[in-house]
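Single-letter residue listing:
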Amino acid sequence: MNSVISDTIKYIGVDDMELDLFESQYIIPNGMSYNSYLILDEKTCLMDTMDQNESRQFAENVRYALNGRD
């Protein structure tokens, strides 16, 4: 999922509906939302990442949001 917050900030988070425990302790019956943002200004900044189980979707979201930018 990609959402535009502003011209320079894009939400690139992923919902993990397979995860059943947060930090291996807390039951989360509805899964987990990893909130991650990409800031595209003079420099590119990635704010937060996510569990490796969602790495493929996360990488796709980053590539899409970068739109060819390094």
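To keep things clear, this report deals only with the structure shown in the data block. (Residues numbered from 1 in each chain as written. Predicted model: local features only at pLDDT ≥ 70, side-chain atom pairs only at ≥ 80, totals over all residues. Heavy atoms only, no water.)

**Concerning the environment of Glu-23**
Rule in force here: A run of H or I in DSSP becomes a helix once it reaches four residues, and a run of E becomes a strand once it reaches two; helices and strands are each numbered from the N terminus.
Structurally, Glu-23 can be placed in the loop between β4 (21–22) and β5 (26–27). With 34 residues separating them in the primary sequence, Glu-23 and Gln-57 have C-alpha atoms 21 Å apart.

**Topic: the nonpolar core**
Applicable threshold: To qualify as a nonpolar core, a set must consist of buried Ala, Val, Leu, Ile, Met, Phe, Trp, Tyr and Cys residues joined through side-chain atoms within 4.5 Å. Only protein chains enter the calculation, and the probe is 1.4 Å; a residue is then buried if its accessible area is under 20% of its type maximum, exposed if over 50%, and partly exposed in between. Note on contacts: a residue pair qualifies if any of its non-hydrogen atoms lie within 4.5 Å across the two residues.
Listed in full, the twelve residues of the largest apolar core are Ile-12, Val-14, Ile-28, Met-32, Tyr-34, Leu-38, Leu-40, Met-50, Phe-58, Val-62, Ala-65 and Leu-66. Mapped by element, the contributors of at least two residues to this core are β6 (32–34), β7 (37–40) and α1 (55–66). The dominant element in this core, judged by the number of residues it contributes, is α1, at four residues. Setting aside chain neighbours within four positions, we find Val-14 in contact with Met-32, Ser-33, Tyr-34, Met-50, Glu-54, Gln-57, Phe-58 and Asn-61.

**A short note on the packing of aromatic side chains**
To keep things clear, this is the line we draw: Geometry of aromatic contacts follows a simple scheme: Phe, Tyr and Trp rings, the Trp one being its six-membered ring, pair when their centres are within 6.5 Å, and the pair is stacked under 30 degrees between planes, edge-to-face over 60, tilted otherwise.
A full pass over the atoms with the stated rule returns two aromatic pairs. Between Tyr-11 and Tyr-37, the aromatic rings sit 5.5 Å apart at their centres with planes inclined by 65°, giving edge-to-face as the arrangement. Placement of Tyr-11 in strand β2 (residues 9–11) and of Tyr-37 in strand β7 is noted, with a sequence separation of 26 residues between them. Classification of Tyr-11 by relative accessible area gives buried; the value is 10%. Ring geometry for Phe-22 against Tyr-26: centres 6.5 Å apart, planes inclined by 35°, an arrangement best described as tilted.

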